[in-house]
Amino acid sequence: MLNHLPTTIFENHSTFYMEVCIDPFNKRIRVDDYRGNIKKILVRAEELVKQHQVEKLIIKARMEDTISLFEFGLQPEAIVDHYFRGSDAYFYTKYYISDRKKNDHWMTEDAIIHSIYQLDHVQQNLTPPKDYEIKKADENQAAKLSALYRQVFQIYPTPLNDPEYIKKTMQGGTIYYVFLHQGDIVSAASAEINDFYKNAELTDCATLPEHRKYGLMKILLNELEGELIKKGIFCSYSIARSLSFGMNAALYQLGYSYRGRLMNNVYIYDKLEDMNMWAKNLAGC
């Protein structure tokens, strides 16, 4: 499994710079940041695709690079408003095998988004039973967190079943909030913070099935948003399984807006999953 962990590389060249996540488990490469000669960046990205034999390339791009991206065969799949310190990020992708571009669920996923947008947008005041305790997790809870993720996900894009990995993410600035029930963690979510660009991804959302009737996840996400606002971070986004009505509905009712779909993006459970992008301006404007 260690050989399949994502790694980030930083490439400095005479005419460009790029920060690239190599993700062998999900058979993809993601360019998280870049500056300089966009055409040379794209050439280098495709060299890395061939070198690592991946199936999908993702680039978090700026609007001004649209023409070059289209010329290289990339297409937009999602947007995150205000990602780059106020400027939007456009998630452009390219596929390198035909099977990765196929999708049998697209119409169903479209229908889920349509039905979610018919829901009442007003949040309910959620109050779980008194034997549920919410708290901000620290490294002492890493083992219990990993136990939760092992129960909820057979396969997950990151190794959250490893307590040491969770500790490493905490040391890197990721914030976790959890609900405890009789001493065990039954629901959890995290905020993965990009301090440089002042954005955060709400992610790693998991609740044991028998505890899903109390709206615990919405409460956790609200707490995480409060932490982000305290840090001066107002760009919040989340990526949810496209076939999960509950998670997508929760984000919508928390004020997030649908911003596209990343096709066959990550392995969850036993297969590649499409992922819906949701974004929210925490400044309320």
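Residues numbered from 1 in each chain as written. Predicted model: local features only at pLDDT ≥ 70, side-chain atom pairs only at ≥ 80, totals over all residues. Heavy atoms only, no water.

(A) View of helix α1 (residues 38-52). The terminal C-alpha atoms of α1 lie 21 Å apart, and with 15 residues this matches the ideal 21 Å at 1.5 Å per residue to within 8%. If you check which residues of α1 are buried, you get Ile38, Ile41, Leu42, Arg44, Ala45, Leu48 and Val49. The buried residues of α1 occupy an angular sector of 165° when the element is viewed end-on, so they sit on one face. Exposed residues on α1 whose side chains face more than 90 degrees from its buried face are Lys50 and Gln51. Residues of α1 that are buried sit in contact with β1 (7-12), β2 (16-23), β3 (28-36), β4 (56-61) and α2 (66-71). Between the side-chain oxygen of the N-cap and the backbone nitrogen of Lys39 there are 3.1 Å, and the N-cap of α1 in question is Asn37. Of the residues one or two after α1, Gln53 is the one with positive phi, at around 55°. (Helix = DSSP H or I, 4+ residues; strand = E, 2+ residues; numbered from the N terminus. Expected span 1.5 Å × (residues − 1). Buried < 20%, exposed > 50% of the residue type's maximum accessible area, 1.4 Å probe, protein only. Arc of directions from axis to C-beta. Contact = heavy atoms within 4.5 Å. Polar contact = N/O pair within 3.5 Å; in protein donor to acceptor, adjacent residues only side chain to side chain.)

(B) Local environment of the pairing of strand β13 (residues 271-281). In terms of burial, β13 is largely enclosed, as eight of its eleven residues are buried. In the sheet, strand β11 (residues 235-241) pairs with β13 via seven bridges, with the strands oriented antiparallel. Its bridge partner lying in β13, Ser238 is registered against Trp278. Alignment of strand β12 (residues 257-268) against β13, held across seven bridges, turns out to be antiparallel. Opposite Tyr258, over in β13, you have Trp278 as the bridge partner. (Pairing = 2+ DSSP bridges.)

(C) Here's a closer look at the packing of aromatic side chains. Overall, the coordinates contain eleven aromatic pairs when judged by the stated rule. Their ring planes at 85° and their centres at 5.8 Å tell us that Phe70 and Tyr92 sit as a pair that is edge-to-face. Taken as a pair, Phe70 in helix α2 and Tyr92 in strand β6 (residues 87-95) lie far apart in primary sequence, 22 residues in all. The exposure class of Phe70 is partly exposed, given its relative accessible area of 44%. Relative accessible area serves as the criterion here: at 3%, Tyr92 is assigned to the buried category. With a centroid separation of 4.7 Å and 50° between ring planes, the pair formed by Tyr117 and Tyr252 is classed as tilted. A residue pair is termed long-range when its members are at least 10 positions apart, and Tyr117 in the loop between α4 (106-116) and β7 (132-136) and Tyr252 in helix α8 (residues 245-253) qualify at 135 residues. Judged by its relative accessible area of 36%, Tyr117 is partly exposed. When the ring centre of Tyr17 is taken as origin, the NZ or CZ atom of Arg35, which lies over that ring, is 4.3 Å away. The positively charged end of Arg85 is found above the aromatic ring belonging to Phe196, 5.4 Å away from the centroid. (Phe/Tyr/Trp six-rings, centres within 6.5 Å; stacked < 30°, edge-to-face > 60°. Lys NZ or Arg CZ within 6 Å of the ring centre and 35° of its normal.)

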